[in-house]
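Take a look at the letters that make up each chain.
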Amino acid sequence: MELRVTESSETELSIEIAGEDHTFMNVLKGTLLEHDDVSAATYDVNPEQSGGQTEPILTVKTESGVDPLDALEEAAVDVREKAVAFREAFEAAA
Amino acid sequence: MMVPVRCFTCGTVVGEHWEEFDERANEGDEDPQEVLDELGVDRYCCRRMLVSHTDLVDVVSPYQ
Amino acid sequence: MSAEYDVEFVEREDRDARFLVQGITPAFANGIRRAMLADVPTMAIDTVRFVENSSVMFDEQLALRLGLVPLTTPPVGEFVEDDTVTLSIDVEGPATAYSGDLVSSDDLVQPADENVPIIDLKDGQRLEAEADAVLDRGKDHAKHQGGVAVGYRHLQRVAAVEDLPEFEEPDRRIVRGVIEEDGELVPTSEFDHDLSNRYPGQEVTLEDVPNSFVFHVETDGSFSVEELVTRAADTIESRATELENAVQL
C-alpha cells in the first residue's frame with residue numbers, strides 16, 4: 001500500500017492509495033462518513049484500461065480544526081476494529 | 001468436447017456431477033429437472049452447463 | 001466507536017451456508033462480500049509440464065482444465081504466496097482421467113472434488129504430466145476464487161395488516177431470502193418463496209430491516225464457509241492495519 005498526497009490543505013486532503021480497489025476503498029469511505037468531524041469523503045477510481053490515473057484517490061474534507069490525516073487514521077482504526085468485531089461475532093456463532 | 005470443469009457464470013464446480021447426470025438423464029430416462037435438483041445444481045447458470053453439453057471426444061478421436 | 005455485530009446461522013453445511021448479520025453497514029457488508037470473492041487466496045494449478053499427451057485435447061486446454069480443479073487450501077501460515085506444491089497425473093487409455101487421479105506431494109493440498117473428468121482417453125492414448133499449484137487470489141484468476149455466488153440480501157420483516165376481501169383472487173407475492181416473523185427467522189424456501197402461501201387471504205406488508213443482511217455463501221471446496229468468511233475479514237483487517245501504519249509515518 002503506497003500512499004501519495006496529491007492535494008492538501010487545512011481541512012481537505014486528497015490522497016492516492018495505490019493497489020486498492022472498491023473492496024477496501026468503499027469500506028473506508030463509509031467509515032469516514034460515520035465520523036463526526038468529517039464533512040465529506042469520497043473516492044474515485046478509473047478502470048485499468050482507461051490509461052492515466054488508475055489508482056484510487058480518496059478525498060476527505062473535515063470540519064475546521066481537525067486534520068484530515070488524523071481523521072483518516074482514526075477511520076483506519078475503525079475499519080480494523082470492525083473487521084475484528086465481525087470475525088469475533090462470526091466465530092461466536094459458528 | 002469435455003464437460004466444462006466449472007460453471008462459466010458463477011464458478012461452481014459442475015464437472016463433478018456430469019457423469020451421474022449423463023447416466024441418469026441422457027442415457028437413462030429420468031427427468032433432467034429432478035436429477036439436477038437431487039445433485040444440488042440449483043442455479044440456472046450451472047444447470048445449463050450440464051443440460052446443454054455434448055461429449056465430442058468420440059466424434060473427434062478418429063481424426064487424431 | 002466499535003461496532004456490535006450479531007451473527008446467526010439460518011442454514012449451514014460445509015460448503016454452503018446462509019447467515020444473518022445484524023448491525024452491519026451496507027458498505028462493510030459489500031466489502032466482506034467482495035473480499036470473499038477476490039481477496040482470499042486459494043491453491044490452484046498454475047504451471048503444467050507435459051511428459052506425454054496423446055489425447056484429443058491440446059496441452060493448453062488440459063492445463064486450463066487442471067487449473068480449474070479446486071484444491072484444498074492449507075491453514076493460514078502453512079504457505080506463503082510463492083510456495084508451490086507439485087501434483088502429478090499419469091493415466092493410460094482406454095480410461096478417463098479424473099481430478100482424483102492427481103497425486104499430490106503434500107497431504108494438505110488435495111483435489112477437493114475427485115470426479116471431475118479431465119479428459120477421456122482412447123486406446124493407446126496417454127496423459128502424463130506434472131503440475132505446480134500456487135497460492136493466489138481470485139482477483140488474478142477465477143480459478144483462485146474460493147467463494148462462488150456469494151451474495152447478501154436485506155432481512156425482510158413481514159407483518160399481516162388486514163384480511164383481503166373474501167372473493168378477491170389472491171395475488172402471488174414472491175419474495176426470496178429470509179424473512180423475520182415476530183423475531184423468528186424463516187427462509188422463504190419453506191413456503192415456495194410465495195407469501196400468499198404463508199398468509200392465505202391476508203394483506204401483508206414487507207419491509208427491509210435496516211443494517212441487517214442475510215449472506216449466502218458457497219465455497220468451491222477449497223475450504224469451509226467458516227474459513228472463507230474469517231479469512232475475508234482478515235484481509236480487510238490487514239489492509240486497515242497497513243493503512244494505519246502508512247498514515248502514521
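Predicted model only: the values in this text are computed from it and were never measured. (Residues numbered from 1 in each chain as written. Chains lettered and ligands numbered in written order. Predicted model: local features only at pLDDT ≥ 70, side-chain atom pairs only at ≥ 80, totals over all residues. Heavy atoms only, no water.)

*Asks:* When you look at the confidence of the model for chain C in this model, what are you seeing that I'm missing?
*Replies:* Regions with low pLDDT carry predicted coordinates that are not meant to be interpreted in detail. Here chain C averages 90 in pLDDT, while 99% of its residues score no lower than 70. Predicted complex metrics record ipTM = 0.91 and pTM = 0.89. (pLDDT = per-residue confidence, 0-100.)

*Asks:* I tried to follow the sheet that holds strand β1 (residues 6–12) of chain C on my own but got confused; where do I start?
*Replies:* The pairing of strands in a sheet comes from backbone hydrogen bonds and takes either a parallel or an antiparallel form. Residue and element names in this part refer to chain C. One open sheet accounts for six strands, arranged β1-β2-β12-β9-β10-β11; its pairing is mixed. Every other strand in the sheet has two partners, leaving β1 and β11 (184–187) as the edge strands with one partner each. Neighbour-to-neighbour, the strand axes of this sheet turn through a mean angle of 35°, independent of strand direction. Here four bridges tie strand β10 (residues 178–181) to β11, and the two strands are oriented antiparallel to one another. Looking across to β11, one finds that V178 is bridged to P187. Against the sheet, helix α1 (residues 26–38) engages β9 (147–163) and β12 (202–219), with an angle of about 145° to β9. Of the strands in this sheet, β1, β2 (16–22), β9 and β12 are in contact with helix α4 (residues 225–248), which crosses β12 at around 90°. (Pairing = 2+ DSSP bridges. Helix = DSSP H or I, 4+ residues; strand = E, 2+ residues; numbered from the N terminus. Axes fitted to C-alpha atoms, helices over the stretch in contact; angles between N-to-C directions. Contact = heavy atoms within 4.5 Å.)

*Asks:* What is the right way to look at the arrangement of the chains in this model?
*Replies:* Contacts are most numerous between chains A and C, taken over all two pairs of chains that touch. Nothing in chain A touches chain B; the tightest C-alpha to C-alpha distance between them is still 19 Å.

*Asks:* For this particular structure, what's the right way to read the interface of chain C and chain A?
*Replies:* A common measure of how large an interface is: the accessible area buried when the components associate. With 35 residues of chain C in contact, the opposing surface of chain A contributes 34 residues. Buried surface at the junction of chain C and chain A, summed over both partners, amounts to about 3300 Å²; 71% is from carbon and sulfur atoms. Applying the counting criterion to the chain C and chain A interface returns six salt bridges. One salt bridge connects A:R80 with C:E244, and the closest N-O pair in it is separated by 2.4 Å. Linking chain C with chain A are seven residue pairs in polar contact (both at pLDDT 80 or more), by the criterion used here. Looking at the side of chain C that touches chain A, the elements with two or more residues in it are β1, β2, α1 and α4 of chain C. In terms of residues, the side of chain C that touches chain A owes the most to one element, α4(C), which gives 16 residues. Across the side of chain C that touches chain A, the residue classes break down as 19 nonpolar, six polar and 10 charged. (Buried area = accessible area lost by both parts, 1.4 Å probe. Salt bridge = Lys/Arg side-chain N within 4 Å of Asp/Glu carboxyl O. Polar contact = N/O pair within 3.5 Å; in protein donor to acceptor, adjacent residues only side chain to side chain. Nonpolar A, V, L, I, M, F, W, Y, C, P; charged D, E, K, R; others polar.)

*Asks:* Can you help me understand the packing of helix α2 (residues 68–93) of chain A against α4(C) in this one?
*Replies:* When two helices pack together, their arrangement is given by the angle between the helix axes and by the axis-to-axis distance. Interaxial distance between α2(A) and α4(C) falls to 8 Å at its minimum, and their mutual angle equals 160°. Our classification of the angle between α2(A) and α4(C) gives roughly antiparallel. As for the relative orientation of α2(A) and α4(C), their crossing is left-handed in sense. Taken together, the residues that form the contact of α2(A) with α4(C) break down as 15 nonpolar, three polar and eight charged. (Parallel < 35°, antiparallel > 145°, perpendicular 65-115°, else oblique. Left-handed = near helix turned anticlockwise from the far one by under 90°.)

*Asks:* Would you mind going over the sheet that holds strand β4 (residues 84–92) of chain C with me for this structure?
*Replies:* All names here are of chain C. One open sheet holds the four strands; their spatial order is β3-β8-β4-β6, and the pairing between them is antiparallel. Taken across any chain shown, the strands that pair with only one partner, and hence form the sheet edges, are β3 (42–53) and β6 (103–104). Direction of pairing for β3 relative to strand β8 (residues 126–136): antiparallel, over a ladder of 10 bridges. Within β8, the residue paired with R49 across the bridge is E130. Helix α2 (residues 59–68) contacts β3 and β8 of the sheet and is inclined by roughly 150° relative to β3.

*Asks:* Could you clarify how one ought to interpret unusual backbone geometry in this entry?
*Replies:* In most cases, non-glycine residues show a negative phi, while peptide bonds are predominantly trans. Residues and elements named next belong to chain C. A positive phi angle, close to 60°, is found at H193, a residue other than glycine. Positionally, H193 belongs in the loop between β11 and α3 (195–198). The phi angle at N211 is positive, at roughly 55°, despite the residue not being glycine. Along the chain, N211 turns up in strand β12.

*Asks:* Looking at this structure, I do not really get the packing of aromatic side chains. What am I missing?
*Replies:* In this description, an aromatic ring pair is defined by two values, namely the gap between the centres and the angle between the planes. Under the definition given, this model contains 11 aromatic pairs over all chains. With 5.3 Å between their ring centres and 50° between their planes, C:Y152 and C:F215 make a pair best called tilted. Here C:F215 lies in strand β12 and C:Y152 lies in strand β9, a separation of 63 residues in the sequence. An aromatic cluster is built from A:F86, A:F90, C:Y5, C:F9, C:F19, C:F28, C:Y152, C:F213 and C:F215, whose rings are joined through pairwise contacts. Of note, C:R12 hangs over the ring of C:F9, and the distance from its end group to the ring centre comes to 4.4 Å. (Phe/Tyr/Trp six-rings, centres within 6.5 Å; stacked < 30°, edge-to-face > 60°. Lys NZ or Arg CZ within 6 Å of the ring centre and 35° of its normal.)

*Asks:* Got a minute to help me understand the interface of chain C and chain B in this structure?
*Replies:* Across the boundary between the two partners, chain C contributes 28 residues, which contact 20 residues of chain B. Roughly 1900 Å² is buried in total at the junction of chain C and chain B, and carbon and sulfur atoms are behind 58% of that figure. Our count for the chain C to chain B interface comes out at three salt bridges. With a shortest N-O distance of 3.1 Å, C:D220 and B:R6 are connected by a salt bridge. Our count for the contact surface shared by chain C and chain B stands at seven residue pairs in polar contact (both at pLDDT 80 or more). Broken down by secondary-structure element, the contributors of at least two residues to the side of chain C that touches chain B are α2, β5 (95–98), β7 (117–121), β9 and β12 of chain C. Per element, the largest residue contribution to the side of chain C that touches chain B is four residues, and it comes from β7(C).

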